[in-house]
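# Coordinates in review
Residue-level listing of the chains:
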Amino acid sequence: MKLLAIETSCDETAAAVVEDGQHILASVVSTQAAVHAPYGGVVPELASRHHIENLCPVVTQAMAEAGLDYPQLDAVAVTQGPGLVGSLLVGLQAAKGIALVHGLPLVPVHHIAGHIQAPFLSAGGRIELPTLALVVSGGHTHLYDVPEPGTYRLLGRTRDDAAGEAFDKVAKLLGLGYPGGPVIDRLARGADDRAIDFTVARLKDGSGDFSFSGLKTAVLYHVRKQAIPPATDPANPGRLIRDLVASFQRAVVTALLRRFKQAAQQRRPASLLLTGGVAANSLLRVEAAGMAAELGLPLHVPPIALSTDNAAMIGAAGFVNYRKGIRAGWDLNAAPQWPLEESSQKPS
Ligand code: KG4
Ligand code: ZN
């Protein structure tokens, strides 16, 4: 079963061809990071405009790398949401056009279902179920119980900023550029991550949700109090900023894993998944591996190219939906705000 997948929910224009939900025949990602970098964040209109320029070449390249013609496909999967509406519309319209012209079924996919399905691609489909999935990206910090592919039960979520958003905002505050996660990850290496105590407090209501806005504010106060100016040379910002971002990164990782571990001890899943753009973080990967070993559970983390936004993961999640009989009509619209728990659409 060969599926063309399209992902345009944020600032990566991506297309992939995935076979049987497991084998990547081609995966092409065109990033717009350089376009948005001067603004310190994604500018929605620019994102849409770049998607419309880049999507056809990206799809053509993916089909060429897979060595396929459109009639050899079995379906077209596309990210329906959540994400930036203008960006989503570009991908949806392209997917509809291809499906309509070639008489293929159109399969809608939730972006976060894609992130959760990414480790299944790298693990060759062998993931022990039920699994506990921590999805950490620029837009999400969500913890799900996944009893089977395609079924997601929300256990906790961020009340305010997503973990990746906190990385991006702290990097912007310090003049380190966009996206902040990879920059902070690099600058933190070899720096003193105990230099500043940025403890993330647990939420008082005992809900087990995440919160990162307090940490962001603590960084802001520290910067003001110490009168730390933004970096003049973002590639080499000096000891003060490097120790600061290392301490911030340590606090984010500690807060994420504290909750992940607590949920694992309570629910006793058969495995753990760590996925989403922030799962590319080197400290998080190392510390999560240590935690999983301590708990005696297998941990599945996709390689970096499948952790950050890509279309192969949409193909993997599209395959799950396809097998469940989920199809979109030609009136399919973007769903910019769309809780994953509500995404198990009924077969049509
Ligand atoms: O999953 P993703 O590519 O897009 C969304 O769905 O949001 O995640 C992007 C986020 C950005 O906030 C970026 O700063 C963060 O992932 N990120 C990282 C790293 N690489 C990307 N955060 C921490 N460490 C990294 N190495
Ligand atoms: Zn994402």
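The notes below deal with the structure included here. Counting from 1, residues in each chain are numbered in the order their sequence is written. Chains carry letters and ligands carry numbers; both start at the beginning, A for chains and 1 for ligands, and go up in the order they are written. Owing to the predicted nature of the model, reporting of local features is limited to residues with pLDDT of at least 70; listing and counting of side-chain atom pairs is limited to 80 or more, with chain, interface and lining totals taken over all residues. For side-chain calculations, the full set of non-hydrogen atoms in the structure is used, while hydrogens and water are omitted.

### Examining the overall build of the chain
In terms of regular secondary structure, the chain is built from 11 helices and 10 strands. The C-alpha atoms of the chain give a radius of gyration of 20 Å, which matches the 20 Å a tight globule of 348 residues would have. For the chain, the C-alpha atoms occupy an extent of roughly 60 × 45 × 35 Å along the three principal directions. For the chain, with 348 residues in total, the buried portion stands at 54%. In this text, helices come from DSSP runs of H or I with a minimum length of four residues, and strands from runs of E with a minimum of two, each type numbered from the N-terminal end. Each radius of gyration is computed over the set of C-alpha atoms, and the globule rule expresses the reference value as 2.2 Å times the number of residues to the power 0.38. In this scheme, a residue with accessible area under 20% of its type's maximum is buried, one over 50% is exposed, and one in between is partly exposed, where area comes from a 1.4 Å probe on protein chains only.

### Things to note about the site of ligand 1
In the vicinity of ligand 1, 19 residues are found, and the nearest of them are G138, D168, G181, D185 and D309. Any pair of nitrogen or oxygen atoms within 3.5 Å is treated as a polar contact; in protein, a donor-acceptor pairing is required on top of that, and neighbouring residues in sequence qualify only through side-chain atoms on both sides. Contacts to ligand 1 include G139, whose backbone N or O atom sits 3.3 Å from an oxygen atom. The separation between a nitrogen atom of ligand 1 and a polar side-chain atom of N281 is 3.0 Å. Contributions of two or more residues to the shell around ligand 1 are made by α4 (111–122), α5 (163–173) and α6 (180–188). In terms of residue count, the dominant contributor to the shell around ligand 1 is α6 (4 residues). Think of it as three bins: nonpolar holds Ala, Val, Leu, Ile, Met, Phe, Trp, Tyr, Cys and Pro, charged holds Asp, Glu, Lys and Arg, and polar takes everything else, Gly as well. Partitioned by chemical class, the residues of the shell around ligand 1 number 5 nonpolar, 11 polar and 3 charged. Any residue with a non-hydrogen atom lying within 4 Å of a molecule or strand is treated as near it.

### Considering the side chain of N281
Positionally, N281 belongs in the loop between β9 (271–275) and α9 (282–295). At 3.0 Å, the side chain of N281 and the backbone nitrogen of L284 are in polar contact. With residues near it in sequence (within four places) discarded, N281 still touches F167, D185, Q249 and V253. Throughout, a contact is declared for two residues whenever any of their heavy atoms are within 4.5 Å.

### Quick word on the nonpolar core
Among soluble globular proteins, nonpolar side chains are generally buried collectively. Ranked by internal contacts, the top residues of the largest apolar core, which has 48 residues, are L176, F212, F248 and L256. Contributions of two or more residues to this core are made by β6 (131–136), α5, α6, α7 (213–225), α8 (239–267), β9 and α9. Here this core gets 13 residues from one element, more than from any other, and that element is α8. What L176 contacts, discounting residues up to four positions off in sequence, is A171, V183, L187, A231, P234, P237, I241 and V245. Counting residues in each nonpolar core, the second largest holds 32 residues, with I127, A133, V146 and A317 among its members. Definition of nonpolar core: a set of buried residues of the types Ala, Val, Leu, Ile, Met, Phe, Trp, Tyr and Cys, connected through side-chain atoms within 4.5 Å.

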